[in-house]
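Below are the chains, spelled out letter by letter.
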Amino acid sequence: MKKIMLVCSAGMSTSLLVTKMTTSAVKKGVLAKIFAVSETEASKHFDDIDVLLLGPQVRYLLSKMEKSLAGKGVPVAVIDSINYGTMNGEAVLNQALGLLE
């Protein structure tokens with residue numbers, strides 16, 4: 001099972017995106033646990049994730065998260081602004097899966 005964590009300011013704005021990503025994963029036959037948390041909750045999950053995606057509004061956290069996850073083999077990336085704004089769950093899921101390859 002792929003464990004994908006999304007991080008945004010409060011963990012709320014990504015909830016719809018999580019739903020769309022989960023729907024896309026089911027359609028693709030990908031077994032995934034996809035969830036969203038706030039920036040302050042993120043570190044509690046570092047030992048139990050495969051990939052971390054940041055909402056565009058918290059892109060400033062990229063280097064901090066990369067440093068925090070150094071040595072754990074967890075890729076970190078910022079979600080494309082257009083895919084985030086249009087809530088394109090399939091594209092964001094593909095981004096996460098691509099980082100795991």
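Since this is a predicted model, take the numbers as computed values, not measurements.

Digging into the nonpolar core
In globular proteins that are soluble, nonpolar side chains generally tend to be buried together. Core analysis: the largest hydrophobic core is formed by 18 residues, its most contacted members being Ile4, Leu6, Leu17, Met21, Ile34 and Leu53. Elements represented by at least two residues in this core include exactly strand S1 (2–8), helix H1 (15–28), strand S3 (51–54) and helix H4 (89–100). In terms of nonpolar packing, the next biggest core, distinct from the first, is built from 16 residues, Val37, Leu52, Leu69 and Val78 among them.

Thoughts on the UniProt feature "modified residue: Phosphocysteine" (unreviewed entry) in the protein
Following the UniProt record, one finds the feature "modified residue: Phosphocysteine" (unreviewed entry) at Cys8. Within the secondary structure, Cys8 sits in strand S1. Given a relative accessible area of 0%, Cys8 falls into the buried group. Contact partners of Cys8, with chain neighbours within four places excluded, come to Ser13, Thr14, Val37, Ser38, Glu39, Gln57, Val58 and Tyr84.

Details of the pattern of salt bridges
On inspection of all chains with the given rule, the structure shows three salt bridges. Across the salt bridge formed by Lys44 and Glu41, the nearest N and O atoms sit 3.2 Å from each other. By relative accessible area, which is 31% here, Glu41 ends up partly exposed. Ionic pairing is found between Lys72 and Asp47, a salt bridge with its closest N-O pair at 2.6 Å. A residue pair is termed long-range when its members are at least 10 positions apart, and Lys72 in the loop between helix H2 (62–68) and strand S4 (76–78) and Asp47 in the loop between strand S2 (32–38) and S3 qualify at 25 residues.

A word on the side chain of Asn83
On the secondary structure map, Asn83 appears in helix H3 (residues 81–85). For Asn83, a relative accessible area of 19% translates into the label buried. In this structure, Asn83 is in contact with Asn88, Ala91 and Val92, ignoring residues within four places of it in sequence.

The rules behind these values
- Residues numbered from 1 in each chain as written.
- Predicted model: local features only at pLDDT ≥ 70, side-chain atom pairs only at ≥ 80, totals over all residues.
- Heavy atoms only, no water.
- Core = buried A, V, L, I, M, F, W, Y, C linked by side-chain atoms within 4.5 Å.
- Buried < 20%, exposed > 50% of the residue type's maximum accessible area, 1.4 Å probe, protein only.
- Helix = DSSP H or I, 4+ residues; strand = E, 2+ residues; numbered from the N terminus.
- UniProt positions renumbered as here; feature names shortened; annotations may be inferred.
- Contact = heavy atoms within 4.5 Å.
- Salt bridge = Lys/Arg side-chain N within 4 Å of Asp/Glu carboxyl O.

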